[in-house]
Amino acid sequence: MTGTDLDEARRFLEAGKLVAIPTETVYGLAANALDEKAVLRIFQAKNRPHFDPLIVHVSNRQLDEFDFHIPVEARELAAHHWPGPLTLLIQKPDFIPDIVCSGLNMVGLRMPDHPLTLALLEQLPFPLAAPSANPFKYVSPTTASHVEDQLGSRVDYILDGGPSTVGLESTIVSFEDPDNPKVLRLGGLPLDAIREFAANLELDLQSGSNPSAPGQMEQHYATRTPLVFTDDIESALDEYADKRIAVIGFQELENYPAALNMDLSPRGDLREAAKNLFRMLREADRPDIDLIVAVRVPNHGLGMAINDRLSRARTHVSNDLQDL
Ligand code: TXA
Ligand code: MG
């Protein structure tokens, strides 16, 4: 069921059920973060392995009510960018069940910037654990209908808050060592905005083998249709001339001889590109397309996170492409 009824959403959550919530980044699949059984349902609905921890979402009132012990070094950053696309990794307080954090001693905490979800959190006596509301490893949802298409039967209620305005998941900054904050996932808050409040910020974005941020796994955010990530669309079109191709380009897209041409941002605005990225990946991911060719965007600001997602969405095994 999809709707905009906050009372309905609250009743389901209070009964330990799953509600998809709109946020400015992507839609989340939420449950009572203090209820182990409810949290377990999230992992089941997404087919998500239990070693991949969930982010806890709070409102201002809940931050006052629950003592999360945000380290002083992180407070200014949070004060400036919450609500917003920023997740802080901090020491897990005892009242958060282990299952939320996959047994790790850190918890991801975020205040989402969406009026409906903030209003919901303000009414709830508990924070919400929520990963992105997509099946494990698939592209994240940025509209209620994306959630409906893929998890519809597994979610008790979808709170429709319109299209996500940022369109990329939150940037994750670890304060495990509060003097040495580290970015574990690029996302909707650009690095420059964080550096203002965390001067010696480090990047720690290794993929695959890094258990501290499984969102960094290669082959995440993947479409079912094979995807090539390139600086040079024309060469890719030559190479795969016999394929039915969907091009995802950036700024003043040429009229390529492809089955589908999509422009992330005709006016070359990385924020607009971020907002369109996951929707366009979904639109290109259809049975009559053999291959998606996505272009690398300028690698600054939100462009870094866009390139990160596209690089993780690309098809790795070259044989897979040869067999197309
Ligand atoms: O914007 C977002 O962050 C969205 C919206 C719904 O808030 N959520 C989201 O959640 O992207 P998810 O679960 O799809 O990605 C969160 C990433 C995961 O890769 C997870 O491994 C990492 O954050 N993470 C969460 N808690 C962690 C922890 N305690 N330690 C290390 N990594 C953690
Ligand atoms: Mg996710």
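Everything quoted here is computed from the prediction, not taken from an experiment. (Residues numbered from 1 in each chain as written. Chains lettered and ligands numbered in written order. Predicted model: local features only at pLDDT ≥ 70, side-chain atom pairs only at ≥ 80, totals over all residues. Heavy atoms only, no water.)

### Looking at the domain arrangement of the protein chain
In step 1: Each domain of the protein chain was delimited in the assignment, giving domain 1 (2-203) and domain 2 (227-322).
In step 2: Placing the centre of domain 1 and that of domain 2 at their C-alpha centroids yields a distance of 28 Å.
In step 3: In terms of surface lost to domain 2, no three residues of domain 1 exceed Val139, Leu168 and Leu186, which account for 36% of the buried area on that side.
In step 4: If you look at where domain 1 meets domain 2, you find 1 salt bridge. (Domains from an automatic or database assignment. Buried area = accessible area lost by both parts, 1.4 Å probe. Salt bridge = Lys/Arg side-chain N within 4 Å of Asp/Glu carboxyl O.)

### Concerning the sheet that holds strand S15 (residues 291-295)
In step 1: Sheet architecture is open: 4 strands sit in the order S12-S15-S13-S14, paired in parallel fashion. In this open sheet, the two edge strands, each paired with only one partner strand, are strand S12 (227-230) and strand S14 (260-263). Geometrically, the sheet is characterised by an average inter-axis angle of 15 degrees between neighbouring strands, direction not taken into account.
In step 2: Sheet topology places S12 next to S15; 4 bridges connect them, and they run parallel. For Val228, the partnering residue across the bridge sits in S15 and is Val293.
In step 3: Against the sheet, helix H10 (residues 302-313) touches S12 and S15, its axis set at about 140 degrees to S12. (Pairing = 2+ DSSP bridges. Helix = DSSP H or I, 4+ residues; strand = E, 2+ residues; numbered from the N terminus. Axes fitted to C-alpha atoms, helices over the stretch in contact; angles between N-to-C directions. Contact = heavy atoms within 4.5 Å.)

### With respect to the pairing of strand S6 (residues 106-110)
In step 1: The buried fraction of S6 is high, at 5 of 5 residues.
In step 2: Here S6 shows a buried face lined by Met106, Gly108 and Arg110 and a second buried face lined by Val107 and Leu109.
In step 3: Of the strand pairs in this sheet, strand S4 (residues 55-57) and S6 are connected by 3 bridges, and their pairing is parallel. Bridge pairing in S6 links Val56 to Leu109. (Buried < 20%, exposed > 50% of the residue type's maximum accessible area, 1.4 Å probe, protein only.)

### Quick notes on the packing of helix H1 (residues 6-14) against helix H5 (residues 115-123)
Two quantities define a packed helix pair, namely the angle between the helix axes and the distance between the axes.
In step 1: In contact at an axis separation of 10 Å, H1 and H5 are set at 50 degrees when each is read in the N-to-C sense. Relative to H5, the element H1 is oriented oblique. Seen along the crossing, H1 lies across H5 with a hand that is right-handed. From H1, Leu6, Asp7, Ala9, Arg10 and Leu13 reach across to H5, where they touch Leu116, Ala119, Leu120 and Gln123.
In step 2: Looking at side-chain class alone, the contact of H1 with H5 contains 6 nonpolar, 1 polar and 2 charged residues. (Parallel < 35°, antiparallel > 145°, perpendicular 65-115°, else oblique. Left-handed = near helix turned anticlockwise from the far one by under 90°. Nonpolar A, V, L, I, M, F, W, Y, C, P; charged D, E, K, R; others polar.)

### Thoughts on the packing of aromatic side chains
In step 1: One pass over the full model with this rule turns up 4 aromatic pairs.
In step 2: Where Phe12 meets Tyr157, the ring centres are 6.1 Å apart and the plane angle is 20 degrees; that geometry is what we call stacked. Placement of the pair is Phe12 in helix H1 and Tyr157 in strand S8 (residues 157-159), with a sequence separation of 145 residues. Take Phe12 and Tyr157: they sit in the same class, and that class is buried.
In step 3: Between Tyr221 and Phe278, the ring centres sit 6.3 Å apart and the planes meet at 5 degrees, which makes this aromatic pair stacked. Of the two residues, Tyr221 sits in the loop between strand S11 (202-203) and S12 while Phe278 sits in helix H9 (residues 270-284), which places them 57 residues apart along the sequence. The two residues Tyr221 and Phe278 agree in class, both being buried.
In step 4: Here the aromatic cluster, defined as three or more aromatic residues joined through ring pairs, consists of Phe66, Phe68 and Phe95.
In step 5: A cation over a ring is seen here: Arg224 above Tyr138, with NZ or CZ 4.5 Å from the ring centre. (Phe/Tyr/Trp six-rings, centres within 6.5 Å; stacked < 30°, edge-to-face > 60°. Lys NZ or Arg CZ within 6 Å of the ring centre and 35° of its normal.)

### Focus: the pattern of salt bridges
In step 1: Summed over the entire model, instances satisfying the criterion amount to 18 salt bridges.
In step 2: The partner of Asp7 in a salt bridge is Arg10, with the nearest N and O atoms 3.3 Å apart. On the criterion of helical spacing, the pair formed by Asp7 and Arg10 is a turn pair, its members being 3 residues apart in helix H1.
In step 3: Between Glu65 and Arg61 there is a salt bridge whose closest N-O contact spans 2.3 Å. Placement of the pair is Glu65 and Arg61 together in helix H3 (residues 60-65), with a separation of 4 residues, close to one helical turn.
In step 4: Because the salt bridges share partners, they merge into one network encompassing Glu169, Asp308, Arg309 and Arg312.

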